[in-house]
Amino acid sequence: MEQRERAVRLWFDMWLKKTDLGILELFTPDAVYIESWGPEYHGAEAIRHWFHEWNARGSVLQWDIRQFFHKGDQTVVQWYFRNRMDDGREEPFDGLSLLRWDPAGRIRFLQEFGCNENRYDPYRDGPIPRFQGGPAAWF
C-alpha cells in the first residue's frame, strides 16, 4: 500500500511542480485515464502528451490528499484540487480518483470523479427547492 500511495503522491507532485518525473514509468503503456469532466486518454504516451500540453496553459495550485482506500488491485484517493488557467480562471473542487494497478505497481487505469465545492441545502427555506443561480459546474 505504501508503494501505491507514493506513486499517487508522485503523480500529484508532478502537476504541482509542472515537471514530468517519470510518467512513462508510472503508467502502463496501455493505461487509460479518464478526467472527471469527460476527456479520456489511452496509453502512457497520450497521458504524457496531455500533461505537457495542459501545463503549457495552466497551473495546478493545490492538490491535497485527504485519504486513501485500498482493496485488492484498486485504490481510491479522496482529494481537494485547485488550478488556475492562463486566462485567470480558477477551478477548485473536491474529488476522488479510482486507480487500478498492474502487478509491477504501475497505474493501468485512473478515473476521476469531481464534486463542486460550493454546496448548499436547496430545502433550507422550506419544502420547495431553491437552487443557486448561475451555470452548473462542468462536471
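Our structure's up above, just so we're on the same page.
Thresholds applied
Residues numbered from 1 in each chain as written. Predicted model: local features only at pLDDT ≥ 70, side-chain atom pairs only at ≥ 80, totals over all residues. Heavy atoms only, no water. 1 Å grid on protein atoms, 1.4 Å probe; cavity = no way out; pocket = protein on both sides within 12 Å on 5 of 7 lines; lining within 4 Å. Points joined across faces, edges and corners; volume = space filled by probe spheres on them. Helix = DSSP H or I, 4+ residues; strand = E, 2+ residues; numbered from the N terminus. Nonpolar A, V, L, I, M, F, W, Y, C, P; charged D, E, K, R; others polar. Axes fitted to C-alpha atoms, helices over the stretch in contact; angles between N-to-C directions. Contact = heavy atoms within 4.5 Å. Pairing = 2+ DSSP bridges. Buried < 20%, exposed > 50% of the residue type's maximum accessible area, 1.4 Å probe, protein only.

**Here's the deal with empty space enclosed by the protein**
The full count for this structure, using the stated rule, is one cavity of 30 Å³ or more. Taken as a whole, the largest cavity spans an internal volume of roughly 40 Å³. Lining the largest cavity are Val8, Trp11, Phe12, Tyr33, Ser97, Leu99, Ile107 and Leu110. Listing elements by their share of the lining of the largest cavity, those giving two or more residues are helix H1 (2–17), strand E5 (90–101) and strand E6 (107–116). With three residues, the top contributor of residues to the lining of the largest cavity is H1. In terms of residue class, the lining of the largest cavity is made up of seven nonpolar, one polar and no charged.

**So, the packing of H1 against helix H3 (residues 44–55)**
The geometry of H1 relative to H3 is characterised by a closest axis approach of 10 Å and an angle of 35° between their N-to-C directions. In this structure, H1 uses Trp11, Met14 and Trp15 to contact H3, whose residues at the interface are Ile47, Trp50, Phe51, Trp54 and Asn55.

**What about the layout of surface pockets?**
Over the atoms, a rolling probe the size of a water molecule traces out where space has been left empty. Here the largest pocket is characterised by a volume of approximately 350 Å³. Around the largest pocket sit 20 residues that line it, and Glu35, Trp37, Trp54, Asn83 and Glu91 are the ones nearest its centre. Where the lining of the largest pocket is concerned, the elements lending two or more residues are H3, strand E3 (58–71), strand E4 (74–85) and E5. For the lining of the largest pocket, the element with the most residues is E4, which contributes four residues. Residues that form the lining of the largest pocket fall into these classes: 14 nonpolar, one polar and five charged.

**Topic: the sheet that holds E6**
Taken together, the six strands give an open sheet; going across it, the order is E2-E1-E6-E5-E4-E3, and neighbouring strands pair in mixed fashion. Of all the strands in the sheet, just strand E2 (40–42) and E3 have a single pairing partner and so form its edges. Each adjacent strand pair in this sheet contributes to an overall mean axis angle of 20°, direction not counted. Bridge count for E5 against E6 is nine bridges, and the pairing is antiparallel. From the neighbouring strand, glycine 95 faces E6, where its bridge partner is glycine 114. Where H1 meets the sheet, its contacts fall on strand E1 (27–34), E3, E4, E5 and E6, and the angle it forms with E3 comes to roughly 170°. Seen against the sheet, H3 touches E1, E2, E3 and E4 and runs at an angle of roughly 55° to E1.

**What to know about unusual backbone geometry**
At lysine 18, a position not held by glycine, the phi torsion is positive, near 55°. Of note, lysine 18 is situated in the loop between H1 and helix H2 (23–26). Lysine 18 gets classed as partly exposed once you look at its relative accessible area, which sits at 37%.

**As for the environment of glycine 88**
Considering the arrangement of structural elements, one finds glycine 88 in the loop between E4 and E5. Classification of glycine 88 as partly exposed rests on a relative accessible area of 46%. With 30 residues separating them in the primary sequence, glycine 88 and glycine 58 have C-alpha atoms 8.9 Å apart.

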